[in-house]
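Below are the chains, spelled out letter by letter.
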Amino acid sequence: MFDKLLNSGLSPAVRKAMEDEKAAHEAELLQATIAHDKQGYKYYWDSGDKKDQPLTWEELARCLEEEKREQALLAEGDKEAAVEKAKNEARREHDAAMAEMKKDYEEKLRKERLAYDRRGNPIINDYGFGDRQHATKDEYMRMLESELSDAKKANDDLLDRLKVLRDLIFAFCSLNFKKVVRIVYDQWRKGFKEFTKDLKDILQEAMTGEKTEKGRQSYVNDTFQFAKMMAKTDPDCKLDFDDLKPLHEDAMRIADGTWDSYHEKVEKREKLFDAAVKAVIEMGNCSSQRRLNQEQANTIEAFLAFDGGDRDELCKEIWAKAGPQIERFWRDITQSALEDLRTGKLYGQNYSQGHGRGV
C-alpha cells in the first residue's frame, strides 16, 4: 500500500522498469545467499522437507558446524574406544603374565614341597604293588621321625648293653684307676683344659705301678678311653671329644715327667706377660711420656725374649690387652712407642726417661 501511494503517479512503463529492477535485485540477493563451492556448484539438501533445495550460506554454516560436532563426537568416541581397547589389551597381557607367573610359582612350590637328598635325587615313597611316588617333605619328615624313633630305641637298647659291659669291665679295674677315670670325666664335664697341682699328684701316684714312660702313657690312654666310654653310655651327656684333647695332653705331661717344667714355664710367661702389659699401660696413661722409658722397655723385652715367638704376634697380644686400658687420647702415641720397640728401631739404644707430650 505504501509502495502504491509512493509510486501512484508513475507511468506503467516506469513502474514495470522499477519492478523488473527490484526483481533482478532480489534475484541477485537470492543468488548471493545460495551456498556453492569453488567451482560454482550449489549445495543441495539431500534429505528432509527441503530435499533437493539449495542451501544458503547460513544453512551451510550450521550444517558444517553440526558435522564438525559430529566428527568431534566420533573422534572422542574413537579415542575412548582406543583407550578402552588398549586397557583391554593391557589387562589381557597382565592376566596372561599373572597366569604364567602363577603357573611357574605353583610349579616351584610343588617342587619345593617335594623331598630330595643331599645329591639332589628325589626321595621315593614306595607304597608297594608298584606304587612309587615322589615323597613330600612332610611325608619325608614323618619317615625320618619314624626312623629316628626306631634308631633311638635301638640306641637305648645298645646303651643298656654297653652300660652292663662298662660295669663289668670296671669291676675288674682297680679303685685307683676308677678314681682317675672319674677325675678325668669330671674335669672334662667342667670344661677344664689342665689339671691342678693336687689332681696332678693324684694321677701321678695312681701311675706309680708303671715303671716305664711308655707304660704310664698307656695308662693315660686307657684312662681317657674309659672316660669316653662313660660319656657314650650316658644319654644325658653332650660332651665334645675335641674338648678332651687338652686334658689328654696335660695328662701325658704327667706321664713323661714334664708337667712341672711346662706349667712353671706357663706360669712364668703369664707373669712376664702381665708385667709387659702393665708397662705399656703405665707409659700410655702417663701424660709426661711419649716413649717407653728404659725400665718399661726392659720389661717388655724380657717377655718377648722368654717367649721366643714372633715379635709381631707377641706385641699384638700385649696391645690387645693393654690398649683398651689406655685413655683414647694417648693410644696412638702409646701404640707407636710399642711399634718402635717391636721393629727394633730403639733396640740397643737407651730409652728416654720421658718427654712431655705437649697437650
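Whatever comes next refers back to the structure up there.
Remember, predicted model here, so these are calculated numbers, not experimental data.

A. A positive patch on the surface, seen in detail. A surface patch of positive charge is lined by Lys85, Lys87, Arg91 and Arg92. We classify Lys85 as exposed; its relative accessible area is 53%.

B. Summary view of the packing of aromatic side chains. Enumeration according to the criterion identifies five aromatic pairs in this entry. Ring centres 5.6 Å apart and planes at 90 degrees place the aromatic pair Phe177 and Tyr219 in the edge-to-face group. Of the two residues, Phe177 sits in helix α5 (residues 175-190) while Tyr219 sits in helix α7 (residues 213-232), which places them 42 residues apart along the sequence. Across this residue pair, the class does not change: Phe177 and Tyr219 are buried. An aromatic cluster is present here, built from Phe177, Tyr219 and Phe226 joined pairwise through their rings. Sitting over the face of the ring of Tyr262, Arg253 holds its NZ or CZ atom 3.6 Å from the ring centroid.

C. Spotlight on a nonpolar patch on the surface. A surface patch of nonpolar side chains, amounting to about 400 Å² of accessible area, comprises Met98, Met101, Tyr105 and Leu109. When you line up the elements, Met101 lands in helix α3 (residues 57-113).

D. Summary view of the environment of Lys228. When you line up the elements, Lys228 lands in helix α7. Judged by its relative accessible area of 25%, Lys228 is partly exposed. For the pair Lys228 and Asp240, spaced 12 residues apart in sequence, the C-alpha separation works out to 9.9 Å. Ignoring sequence-local partners within four residues, the contact set of Lys228 consists of Trp188, Phe241 and Leu244.

E. Main features of the packing of helix α10 (residues 294-307) against helix α11 (residues 311-322). In the contact formed by α10 and α11, the axes pass within 11 Å of each other and the chain directions differ by 130 degrees. Taken together, the axes of α10 and α11 are oblique relative to one another. Handedness of the crossing formed by α10 with α11: right-handed. Between α10, through Ile300, Glu301, Phe303, Leu304 and Asp307, and α11, the contact on the second element is made entirely by Arg311, Leu314, Cys315 and Ile318.

F. Inspection of the nonpolar core at higher detail. Counting 27 residues, the largest nonpolar core has Val184, Phe195, Leu203, Val220 and Phe224 as the members making the most contacts within it. Among the elements of the structure, α5, α6 (197-206), α7 and α8 (245-256) are those that each provide at least two residues to this core. Those residues in contact with Phe195 that sit more than four places away from it in its chain are Ile183, Val184, Gln187, Lys200, Leu203, Phe224, Leu247, Asp250, Ala251, Ile254 and Trp259. Ile281, Phe303, Cys315 and Ala337 belong to the second largest nonpolar core, which has 22 residues in total.

The rules behind the values
Residues numbered from 1 in each chain as written. Predicted model: local features only at pLDDT ≥ 70, side-chain atom pairs only at ≥ 80, totals over all residues. Heavy atoms only, no water. Patch = residues over 30% accessible without salt bridge, like charges linked within 9 Å, V, L, I, M, F, W, Y side chains within 5 Å. Areas by Shrake-Rupley, 256 points an atom, 1.4 Å probe, with all protein chains shown as cover. Salt bridge = Lys/Arg side-chain N within 4 Å of Asp/Glu carboxyl O. Lys, Arg positive; Asp, Glu negative; His and termini not counted. Charge placed at Lys NZ, Arg CZ, Asp CG, Glu CD. Buried < 20%, exposed > 50% of the residue type's maximum accessible area, 1.4 Å probe, protein only. Phe/Tyr/Trp six-rings, centres within 6.5 Å; stacked < 30°, edge-to-face > 60°. Helix = DSSP H or I, 4+ residues; strand = E, 2+ residues; numbered from the N terminus. Lys NZ or Arg CZ within 6 Å of the ring centre and 35° of its normal. Contact = heavy atoms within 4.5 Å. Axes fitted to C-alpha atoms, helices over the stretch in contact; angles between N-to-C directions. Parallel < 35°, antiparallel > 145°, perpendicular 65-115°, else oblique. Left-handed = near helix turned anticlockwise from the far one by under 90°. Core = buried A, V, L, I, M, F, W, Y, C linked by side-chain atoms within 4.5 Å.

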